[in-house]
Amino acid sequence: MSFNKGDFLDCLIDSIPDLISFKDNDGVYQACNEAFARFIARKKEDVIGHTDYDFFSKELADFLRSNDAKTIQLGKAIRNDEWVTYPNGLRMMLDTLKTPLNDPKVGLMGVLGISRDITEKNRVEKAYLSGQQKISLLFEHAPIGFAFCNMDGKLLEVNNHFLAIIGHTADEINGLTYWELMPDHLKDDEEAQIQNINKTGPYGPFFKEYIHKDGYFVPVQINCFVVEDYDGVKGIWSVVQDLTEQKKIEEEVEIVKAKAIQASKLATLGEMAAGVAHEINNPLAIIGSACTLIEKLLAEGRYDEIPRKLHMIEDSVHRTSKIVDGLKKFSRSAELDERRNTSIKDIVENSLQLVIANFTRLNIKLRSEISSDALAYCNQLEIEQVLVNLIHNARDAAKTGQEKWVELHCYDTEQHIFVSVKDSGAGISKSHLNEIFNPFFTTKPVGEGTGLGLSISLGIVKDHNGALYYEEESENTTFVLRLNRVG
């Protein structure tokens, strides 16, 4: 196959998508390829013999001629990016290489220009840089800690909030390892997590503590994930949330909660006062009578009858002591008691003993059926408070009816313990069912209830992972306490 060398070169240059042009020393176009002619909306032959001023605005033409002159002056190729608006209105970012063209015999012939459309490339790069800038700003100013360490635990990159959490400066981080921030009592667990991380992948959230520069522990919540290649390093990114303020708020909430519970218990004790006084007066009367009789027996020399009277006094003292001990125990702050496995039978019987006096005084029948002696892991005082509150509510509902009774039934299943408290009342209006556990809601007359009893009781039960609910299917008012059974 034969071909003309000049035609081949023309064909080759025209097939190149870059814009190629050649101008002489005076800036007159002597040649160009099809791509260049197409973008200035001319034919190739209409380009030859013209200058930039024939195709572009004076401002752009001056700029192009200035670059030509600089190329000629320096005698070497120069490169620049330039925005160009073509006659058809198309605006493009061009990466232009201008090279002085020399002939060994003639010398400098002009300037060869090769331009490539980088408009899209420029847009992508700007978008990328903008994204990187946003990520960098987010990284540095985020209200959460970020830290990257290699698999040996050396900290390589952290943000400002992480530095604030541990109390170190950016300079102090150099050479610092993850293990130096870890309290000794957590290191074994951390080593196990590191060993398993390649199997488990991302892990968390989990709670731990960091050692602050000043020596105290900072509670944190952490999520971690492995990065196989971060700037050539395999390591772990940690996302760290400082829980100091949250813990402080939780502690304050617990204090308020404990005070509310204690206040509710004291209010309950106030309600029981009249009945308790009656219960104590009976044994005290027996003691007083026995003492009078003993004096008489001593005076008459009937010594053989004295032991029986002393035994009556002893029984009455024991009965009074039992009542007082129950009240003292009930009034004690539940915070002082730890959770332990406790017999539900003991809880129910203690609760009944605290309330029985008021039922006797008001002539309300209190029936109980305890069919379970199962164990619940709980704070005994708190659960007793829940039951006393339920029984008192049932008492208040029953005391105004023709039939006056309250029934307590305790039973268990394989997984749960149930205590139901039913009264002779007519039940709760459906319009109130969604409100009965709300704080300060009460259907009692003014001065007879704060509306906090059920709300506090529900909080206590939920804290024990149990349930407290109203049984709508029952003909009478019935509340059910459910606890998890141990064993």
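To start, this report covers the structure provided alongside it.

### Here we look at the overall build of the protein
If you tally the helices and strands in the protein, you get 13 helices and 17 strands. Going through the 487 residues of the protein one by one, you find that 39% of them count as buried. In the protein, of all internal contacts separated by at least 6 residues, the share reaching a separation of at least 24 is 55%.

### So, helix α11 (residues 344-362)
Here α11 is 19 residues long and its end C-alpha atoms lie 27 Å apart, about the 27 Å a rise of 1.5 Å per residue gives. Along its length, α11 shows its largest kink, about 40 degrees, at Val-355. Along α11, the positions that sit buried rather than exposed are Ile-344, Ile-347, Val-348, Ser-351, Leu-352, Leu-354, Val-355, Ala-357, Asn-358 and Phe-359.

### Describing the nonpolar core
Within the largest apolar cluster, 38 residues are counted, with the highest numbers of intra-cluster contacts made by Ile-344, Val-348, Val-419 and Leu-481. It is helix α12 (residues 380-398) that provides the largest number of residues to this core, a total of eight residues. Among all residues touching Val-419, those that are not within four sequence positions of it are Ile-344, Val-348, Leu-387, Leu-408, His-409, Cys-410, Phe-479, Val-480 and Leu-481. With 23 residues, the next largest nonpolar core counts Leu-176, Met-182, Leu-186 and Ile-222 among its residues.

### What to know about empty space enclosed by the protein
This model, assessed by the stated rule, comprises three cavities of 30 Å³ or more. Quantified by volume, the largest cavity comes out at close to 190 Å³. Lining the largest cavity are 18 residues, and of these Ser-21, Tyr-29, Phe-36, Leu-64 and Ser-115 sit closest to its centre.

### Focus on the packing of aromatic side chains
Summed over the entire model, instances satisfying the criterion amount to nine aromatic pairs. Seen from their ring centres, Tyr-29 and Phe-36 are 5.4 Å apart, and the 45 degrees between their planes marks the pair as tilted.

### As for the environment of Met-109
Relative to the assigned elements, Met-109 resides in strand β5 (residues 107-117). Sequence separation between Met-109 and Phe-22 is 87 residues, and the spatial gap between their C-alpha atoms is 9.4 Å. Once residues within four sequence positions are removed from consideration, Met-109 is found in contact with Phe-22, Lys-23, Asp-24, Asn-25, Leu-101, Asn-102 and Asp-103.

### Focus: a nonpolar patch on the surface
Where nonpolar side chains cluster on the molecular surface, the patch consists of Phe-8, Leu-9 and Leu-12 and spans about 270 Å² of accessible area. Relative to the helices and strands, Leu-12 is located in helix α1 (residues 5-15).

### Focus: the pattern of salt bridges
Side-chain pairing between opposite charges can occur once the charged atoms of the two side chains come close. Applying the stated criterion to the full structure yields 18 salt bridges. Where Arg-339 meets Asp-463, a salt bridge forms, and the shortest distance between an N and an O atom there is 2.7 Å. Taken together, the positions of Arg-339 in the loop between α10 (306-331) and β11 (340-343) and Asp-463 in helix α13 (residues 453-463) put the pair 124 residues apart, joining distant regions of the chain. The class of Arg-339 is partly exposed, set by a relative accessible area of 30%. Taken together, the shared-partner salt bridges connect Lys-23, Asp-52, Arg-65, Asp-68 and Lys-98 into one network.

### Quick notes on the sheet that holds strand β9 (residues 217-230)
Ordered by their spatial adjacency, five strands build an open sheet running β7-β6-β10-β9-β8, and the pairing between neighbours is antiparallel. Two strands bound the open sheet, and with one partner strand each, they are β7 (155-158) and β8 (203-211). Across the sheet, the mean angle from the axis of one strand to that of its neighbour is 35 degrees, orientation sign disregarded. Of the strand pairs in this sheet, strand β6 (residues 145-150) and strand β10 (residues 233-242) are connected by six bridges, and their pairing is antiparallel. In the strand pairing of β10, Asn-150 is matched with Gly-235.

### A word on helix α4 (residues 58-74)
Helical geometry note: an α-helix holds 3.6 residues per turn, so side chains three or four residues apart project in the same direction. Here α4 contains 17 residues, and its C-alpha end-to-end distance of 24 Å stays within 8% of the 24 Å for a straight helix at 1.5 Å per residue. Listing the buried residues of α4 in full gives Leu-60, Ala-61, Leu-64, Asn-67, Asp-68 and Thr-71. Here the buried residues of α4 occupy an arc of 125 degrees about the axis, which is enough to place them on one side. The exposed set on the far side of α4, more than 90 degrees from its buried face, consists of Lys-58, Glu-59 and Gln-73.

Criteria and cut-off values
- Throughout, a residue's number is its position along its own chain's written sequence, starting from 1.
- Where local features are concerned, this predicted model is filtered to residues with pLDDT of at least 70; where side-chain atom pairs are given and counted, the filter is 80 or more; whole-chain, interface and lining totals use all residues.
- Only heavy atoms go into the side-chain values, all of them from the structure, while hydrogens and water stay out.
- Runs of H or I in DSSP of at least four residues are treated as helices and runs of E of at least two as strands, each being numbered from the N terminus.
- Whether a residue is buried, partly exposed or exposed follows from its accessible area with a 1.4 Å probe, protein chains only, as a fraction of its type maximum: under 20%, in between, or over 50%, in that order.
- Contacts are residue-level and defined by heavy atoms, with any inter-residue pair within 4.5 Å sufficient.
- Any helix carries an expected span of 1.5 Å times its number of residues minus one.
- A residue's bend is simply the angle between two axes: one fitted to the seven residues ending at it, one to the seven starting at it.
- Among the buried residues, those of types Ala, Val, Leu, Ile, Met, Phe, Trp, Tyr and Cys that are joined through side-chain atoms within 4.5 Å form a nonpolar core.
- Here a cavity means grid points, on a 1 Å grid over the protein atoms only, where a 1.4 Å probe fits yet cannot get out; a pocket means an open set of points with protein on both sides within 12 Å along at least five of seven lines; lining residues are those with an atom within 4 Å of a point.
- Grid points are joined across faces, edges and corners, and a volume is the space filled by probe spheres set on the points.
- Centres within 6.5 Å make a pair out of two Phe, Tyr or Trp rings, where for Trp the six-membered ring is used; the pair is then stacked when the planes are under 30 degrees apart, edge-to-face when over 60, and tilted otherwise.
- Patch membership requires more than 30% relative accessible area and the absence of a salt bridge. Residues of like charge join within 9 Å; the nonpolar side chains Val, Leu, Ile, Met, Phe, Trp and Tyr join within 5 Å.
- Where accessible areas are quoted, they stem from the Shrake-Rupley method and a 1.4 Å probe; at the residue level, only the protein chains shown are allowed to cover.
- Salt bridge criterion: a side-chain nitrogen from Lys or Arg within 4 Å of a carboxyl oxygen from Asp or Glu.
- Strand pairing is assigned whenever DSSP identifies at least 2 bridges connecting the two strands.
- A fitted line through C-alpha atoms represents every axis, and for helices the fit uses only the stretch in contact; the resulting angles, taken between N-to-C directions, go from 0 to 180 degrees.
- Directions from the helix axis toward the C-beta atoms define the arc.

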